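This is what each chain is made of:
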Amino acid sequence: MINLKIDGRDVCVPEGTTILEAAETAGINIPTLTYDPRLGPCGDWDVCVVEVEGRLDFPKASSTVVEEGMVVRTETPAVVNVRKAILGRILANHPLDCLTCPKSGACKLQELCFKYDVKEATGVKTREERPIDDTNPFYYSDPNKCISCGKCVEVCAKLQCAKVLSFVEKGPHKYVSPPFGTAIAQSECVSCGNCVSVCPVGALMPKSKEVFRYWETEPVRTTCSYCGVGCQMDVLVKDNKIVDVRPADGPANGGLLCVKGKFAYGFVNHPDRLKKPLVRKNGKLEEVTWEEAFDVVVSKLKETKEQYGPDSIAAFSSARALNEENYLMAKLMRAVIGTNNIDHCARL
Ligand code: SF4
Ligand code: SF4
Ligand code: SF4
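Values in this document were obtained by computation on a predicted structure and should not be read as measured data. (Residues numbered from 1 in each chain as written. Chains lettered and ligands numbered in written order. Predicted model: local features only at pLDDT ≥ 70, side-chain atom pairs only at ≥ 80, totals over all residues. Heavy atoms only, no water.)

### With respect to the site of ligand 2
So, step 1. All residues in the neighbourhood of ligand 2 are listed as Cys146, Ile147, Ser148, Cys149, Gly150, Cys152, Val176, Cys199, Pro200, Val201, Ala203 and Leu204.
So, step 2. When atom positions are compared with the pocket grids, ligand 2 is found to occupy the largest cavity. (Near = heavy atom within 4 Å. 1 Å grid on protein atoms, 1.4 Å probe; cavity = no way out; pocket = protein on both sides within 12 Å on 5 of 7 lines; lining within 4 Å. Sits in = over half its atoms within 2 Å of the grid points.)

Printed below as a string of C-alpha cells:
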C-alpha cells in the first residue's frame, strides 16, 4: 500500500493506483475532460493536471501513479491557471457555437469553460475547416468540433473491436475519420454509436429527429427491450417522448450498446404502434378488451386443434420477450396444445 497526502488528507491506496483514482477514494473530485476508466488516459488535452510537491511540472492525475510520501494539491491557483490555459488552447480550434450546438448542456468542454470562466481562445487556429460527414444514417461527424481526444478511436478499437476510426494527418491538423479520410458509410462501421456516446463534445452526434436541449430531458433508467443481452441504458425523455439514449454501466453491457439499443427507439412513440388488442370483425379490425381478445385466441386454438389436430398449430416466440415468457410459450405449446411446433426468432 502507498501512503500519500491529497489536499491535506491522508490517503492509502494500493501500489499502481493513479492520483485520479486515489483522489476518488478520498472523495476528492479532479475534473477531467476526456478520461474514461474503461479506456485509460486519452489525448494530450486533458485538464486533470495537479501540483505535486517537489515537481516543477503539472502531471496529469489520470496517468500519474502514486508514490510513497507524495504530496498532491488538486485545485491551487497555479493548477487552475494551467487548466485555463489548456481550455483556451482547445478553444483556438473549436467553434464558439454553444448558442446553437445540439450538445449544449451535455458538453464537457462547455462545462469546464464555465467552471473556470474561460470565454475565449488563446493562441491561433491551426486547423482548416473540414466538411461534416453525415453519410451514416444514425449519426454525423463534425471534425471542426473535434478536440482530438481519441476516445472514439479507442472505444471503437478496444471495446467495440471494429477498428473503424483512426487519426488522419498529423499534429495540429489531425482529425478523426475512417482510414484515408473515407466516408463513414464506406467503412466497416456497424453503427453501434459507442463513439457517439463517449465523445465529450459535439463532434459525434446522433441524428435526432427531435429538437431539444439536454437540460429539458429526464433520464429514465431501463433495460433494452430488443434482445436477451439485457443492456442497461438511460432513455432521455422530453414531453413523454424519447429523444436520445445513453448507455448505462450495467453488468451485461458496461456502458456500451449496439445499434438497436442506441438508435432504434422510434417504435416507442410511433403512431402505428398497437397499444390495444384488435380483433377482426366482418373483415375490419376493431379495438376490444384484453378479455375479449384472449377469449378469441383460446376458442380459435381449441377449434383448430379439434378439427386438424395439435400439429396444425405452431408458435414463433421472440427474443424481445423475457426468458420466463419464452419458457411459458414452450410449456403452452408442448404441454397444453400438445405439439413440438415451437421456435424462436433468434434462429431466423
Ligand atoms: S459507430 Fe461503432 S463501429 Fe462505427 S465508428 Fe463508431 S464505435 Fe466504430
Ligand atoms: S470525435 Fe469526439 S471522441 Fe473522437 S477524438 Fe474528436 S472529440 Fe474525441
Ligand atoms: S443494446 Fe443491442 S445487445 Fe444490448 S440488449 Fe439491446 S439489442 Fe441486445
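### Focus on the pairing of strand β13 (residues 284-287)
So, step 1. Summarising the sheet, strand β12 (residues 278-281) and β13 pair through four bridges and their orientation is antiparallel. Within β13, the position partnered with arginine 280 by the bridge is leucine 285.
So, step 2. With antiparallel pairing between neighbouring strands as the criterion, β12 and β13 make up a hairpin whose turn holds two residues, including asparagine 282 at a positive phi of roughly 50°. (Pairing = 2+ DSSP bridges. Helix = DSSP H or I, 4+ residues; strand = E, 2+ residues; numbered from the N terminus.)

### Remarks on the site of ligand 3
So, step 1. For ligand 3, the full set of nearby residues is Cys224, Tyr226, Cys227, Val229, Gly230, Cys231, Leu257, Cys258, Lys260 and Gly261.
So, step 2. Tallied by class, residues from the shell around ligand 3 come to seven nonpolar, two polar and one charged. (Nonpolar A, V, L, I, M, F, W, Y, C, P; charged D, E, K, R; others polar.)

### Remarks on the environment of alanine 252
So, step 1. Along the chain, the position of alanine 252 falls in the loop between β11 (241-247) and α6 (259-263).
So, step 2. On a C-alpha basis, the gap between alanine 252 and methionine 205 in space is 25 Å, while along the polypeptide they are 47 residues apart.

### Section: the packing of helix α2 (residues 77-92) against helix α3 (residues 108-115)
Working note: a packed helix pair is described by the angle between its axes plus the distance between those axes.
So, step 1. Taken N-terminus to C-terminus, the directions of α2 and α3 make an angle of 135°; their axes are 10 Å apart at the nearest point. One way to sum up the angle between α2 and α3 is to call them oblique. As for the relative orientation of α2 and α3, their crossing is left-handed in sense. Contact residues: Leu87, Ile90 and Leu91 in α2; Leu109, Leu112 and Cys113 in α3. (Axes fitted to C-alpha atoms, helices over the stretch in contact; angles between N-to-C directions. Parallel < 35°, antiparallel > 145°, perpendicular 65-115°, else oblique. Left-handed = near helix turned anticlockwise from the far one by under 90°. Contact = heavy atoms within 4.5 Å.)

### Thoughts on the side chain of asparagine 136
So, step 1. Counting through the fold element by element, asparagine 136 comes out in the loop between α3 and β5 (139-141).
So, step 2. The exposure class assigned to asparagine 136 is buried, which follows from its relative accessible area of 3%.
So, step 3. At 3.0 Å, the side chain of asparagine 136 and the side chain of serine 191 are in polar contact.
So, step 4. Contacts of asparagine 136, omitting those with residues within four sequence positions, involve Ile184, Cys189, Ser191 and Lys207. (Buried < 20%, exposed > 50% of the residue type's maximum accessible area, 1.4 Å probe, protein only. Polar contact = N/O pair within 3.5 Å; in protein donor to acceptor, adjacent residues only side chain to side chain.)

### Some thoughts on the domain arrangement of the protein chain
So, step 1. Domain assignment breaks the protein chain into domain 1 (2-91), domain 2 (128-207), domain 3 (211-273) and domain 4 (278-347).
So, step 2. Centre-to-centre, using C-alpha coordinates, domain 1 lies 33 Å away from domain 3. (Domains from an automatic or database assignment.)

### Quick notes on the pattern of salt bridges
So, step 1. Across all of its chains, the model carries 17 salt bridges by this definition.
So, step 2. Residue aspartate 57 pairs with arginine 55 through a salt bridge whose shortest N-O separation is 2.9 Å.
So, step 3. When its relative accessible area of 35% is taken as the criterion, aspartate 57 is described as partly exposed.
So, step 4. Given the relative accessible area of 36%, arginine 55 is considered partly exposed.
So, step 5. Lysine 125 is the partner of glutamate 129 in a salt bridge, and the nearest nitrogen-oxygen pair spans 3.2 Å.
So, step 6. Lysine 125 gets classed as partly exposed once you look at its relative accessible area, which sits at 48%. (Salt bridge = Lys/Arg side-chain N within 4 Å of Asp/Glu carboxyl O.)

### Structural notes on the sheet that holds strand β9 (residues 218-223)
So, step 1. Spatial strand order, β9-β10-β11: three strands in an open sheet with antiparallel pairing. Looking at strand neighbours, the two that pair on one side only are β9 and β11, the edges of this open sheet. On average, each strand axis in the sheet is inclined to that of its neighbour by 35°, with strand direction left out of account.
So, step 2. Across six bridges, strand β10 (residues 232-238) lies against β11 in antiparallel orientation. In the sheet register, lysine 238 faces β11, and the bridge partner there is lysine 241.

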